Amino acid sequence: MNRAEIRRRILAENDAAAAALKRRFDEAGTLVVDLVSAPGSGKTSLLEATARHLPFGWRRGAIVGDIATEMDADRLRDAGFAAYQIVTGGACHLDARLVTEAVEHTPFPDLDVLFLENVGNLVCPASYTLGEDFKVVLLSVTEGTDKPFKYPAIFRKAALTVITKTDLLPHVDFDVETVVQQVRTLNPEAAVLLTSAATGQGIDLWCERLTTALAAKGGIVAAVAG
């Protein structure tokens, strides 16, 4: 079996496990969001800000992927998430098998929303579905304007691009309009949202999107989350 055949087999096995996860999450009415970014783009900070702005009563959880340490999961627990850390030990992405093991071996309560905070990487996570309802790619203004065209796969697959750390725009060379054009070229259906966890810019709009997505899924809290 050559390398291409091995990759196809791995992805097929992952897709089957992801489909089983999706059925499980759909039956539970849990909205699942896969967050992908380069290291340091602000995934954990976005979730901490999310916890402060979500409608009262949302049951929220997170599965966090990192090569080492439980620091991000600890931060999310402090923010009120039911959080589980996956330490990959070198793997550059989460896969459906790892998520399945986390779900089956963690006493998560019934959740309205589950965030999958993927390993910091814009390449590998693009190939793996995790049973999510949609992918979100984060891009901080400190990373430069060229990233969508340099890493097209994840920007094509993400339903939403969240530009983070916008409070730093006066201090960096980052052209928002150019980035938006690149994203729309790669995925005309994608939405783009500007946020700052430090100032709160865009966080209410982000939470509104989550509320709308949960309502569309028939989530139990969404009906009263207004």
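Refer to the structure presented above.
The rules behind each value
Residues numbered from 1 in each chain as written. Predicted model: local features only at pLDDT ≥ 70, side-chain atom pairs only at ≥ 80, totals over all residues. Heavy atoms only, no water. Helix = DSSP H or I, 4+ residues; strand = E, 2+ residues; numbered from the N terminus. Rg over C-alpha atoms; globule rule 2.2 N^0.38 Å. Buried < 20%, exposed > 50% of the residue type's maximum accessible area, 1.4 Å probe, protein only. Contact = heavy atoms within 4.5 Å. Areas by Shrake-Rupley, 256 points an atom, 1.4 Å probe, with all protein chains shown as cover. Lys, Arg positive; Asp, Glu negative; His and termini not counted. Charge placed at Lys NZ, Arg CZ, Asp CG, Glu CD. Polar contact = N/O pair within 3.5 Å; in protein donor to acceptor, adjacent residues only side chain to side chain. Salt bridge = Lys/Arg side-chain N within 4 Å of Asp/Glu carboxyl O. Pairing = 2+ DSSP bridges. Phe/Tyr/Trp six-rings, centres within 6.5 Å; stacked < 30°, edge-to-face > 60°. Arc of directions from axis to C-beta. Axes fitted to C-alpha atoms, helices over the stretch in contact; angles between N-to-C directions.

Student: Tell me about the overall build of the protein, and name the residues and values.
Tutor: Within the protein, the regular secondary structure consists of eight helices and seven strands. Computed over the C-alpha atoms, the radius of gyration of the protein is 17 Å, within 12% of the 17 Å expected from 2.2 N^0.38 for a compact globule of 226 residues. Expressed as lengths along the three principal axes of its C-alpha atoms, the size of the protein is roughly 50 × 45 × 35 Å. Evaluated residue by residue, the protein yields a buried proportion of 52% over its 226 residues. Intrachain contacts of the protein at a sequence separation of at least 6 include 73% that bridge at least 24 residues. Of the accessible surface of the protein, which amounts to about 10,500 Å², a share of 53% is contributed by carbon and sulfur atoms. Treating the 23 positive side-chain charges of the protein as one cloud and the 29 negative ones as another, the clouds have centres 4 Å apart.

Student: Talk me through helix 4 (residues 96-105); I want residue IDs and the actual numbers.
Tutor: Among all positions of helix 4, only Ala96, Leu98, Val99, Thr100, Ala102 and Val103 are buried. Contacts from the buried residues of helix 4 go to helix 1 (3-28), strand 2 (60-66), strand 3 (82-87) and strand 4 (113-117). The residue sitting at the N-terminus of helix 4 and contributing the capping side-chain oxygen is Asp95; that oxygen lies 3.1 Å from the backbone nitrogen of Arg97.

Student: Quick one: what's the story with the pattern of salt bridges, residue by residue and with numbers?
Tutor: The full count for this structure, using the stated rule, is 17 salt bridges. Between Arg75 and Glu48 there is a salt bridge, with the nearest N and O atoms lying 2.8 Å from each other. In this pair, Arg75 sits in helix 3 (residues 71-78) while Glu48 sits in helix 2 (residues 43-53), placing the two residues 27 residues apart along the sequence. Each of the salt bridges in this network shares a partner with another, and the network as a whole consists of Lys22, Asp26, Asp133 and Lys217.

Student: Please set out the pairing of strand 3 residue by residue, giving values where relevant.
Tutor: Two faces, one strand: in a regular strand the side chains alternate between the faces of the sheet. Strand direction decides the pairing type here: strand 2 and strand 3, joined by six bridges, are parallel. Its bridge partner lying in strand 3, Ala62 is registered against Ala83.

Student: Please provide a residue-by-residue account of the side chain of Asn121, values included.
Tutor: With respect to the helices and strands, the residue Asn121 is situated in the loop between strand 4 and strand 5 (134-140). Here the side chain of Asn121 touches Cys124 through a polar contact of 3.3 Å, landing on its backbone nitrogen. Those residues in contact with Asn121, other than ones at most four positions away along the chain, are Val36, Ser37, Ala38, Pro39 and Cys92.

Student: Provide a residue-level description of the packing of aromatic side chains, including the pertinent values.
Tutor: Between two aromatic rings, the relevant description is the distance of the centres plus the angle of the planes. Per the stated rule, a full pass over the model turns up two aromatic pairs. Seen in terms of ring centroids, Phe81 and Phe115 are 6.1 Å apart; in terms of plane orientation they differ by 65°. Their pairing is edge-to-face. Of this pair, Phe81 sits in the loop between helix 3 and strand 3 while Phe115 is found in strand 4, placing the two residues 34 residues apart along the sequence. Each of the two residues, Phe81 as well as Phe115, counts as buried. Taken together, the ring pairs connect Phe81, Phe115 and Trp206 into an aromatic cluster.

Student: Any details on helix 3? Residues and values, ideally.
Tutor: For helix 3, the set of buried residues is Asp72, Ala73 and Leu76. The buried side chains of helix 3 occupy one side of the element, clustering within an arc of 100° when seen end-on. Away from the buried face of helix 3 by more than 90 degrees, exposed residues Met71 and Asp78 are located. Tucked into the core, helix 3 has its buried residues touching helix 2, strand 2, strand 3 and strand 4. Downstream of helix 3 by a residue or two, Gly80 has a phi angle that is positive, lying close to 105°.

Student: For the sheet that holds strand 7 (residues 191-194), give the residues involved together with the corresponding values.
Tutor: Pairing is parallel across the open sheet formed by seven strands, whose spatial order is 3-2-4-1-5-6-7. Edge positions in the open sheet fall to strand 3 and strand 7, since each of these has one partner strand only. Sheet twist, expressed as the average angle between the axes of neighbouring strands with direction ignored, equals 20°. In the sheet, strand 5 pairs with strand 6 (residues 160-164) via five bridges, with the strands oriented parallel. Residue Val137 lies in a different strand from strand 6, and its bridge partner there is Thr161. Packed onto the sheet, helix 2 meets strand 1 (31-36), strand 2, strand 4 and strand 5 and runs at close to 165° relative to strand 4. Contacting strand 1, strand 4, strand 5, strand 6 and strand 7, helix 8 (residues 203-216) runs over the sheet at an angle of about 140° to strand 1.

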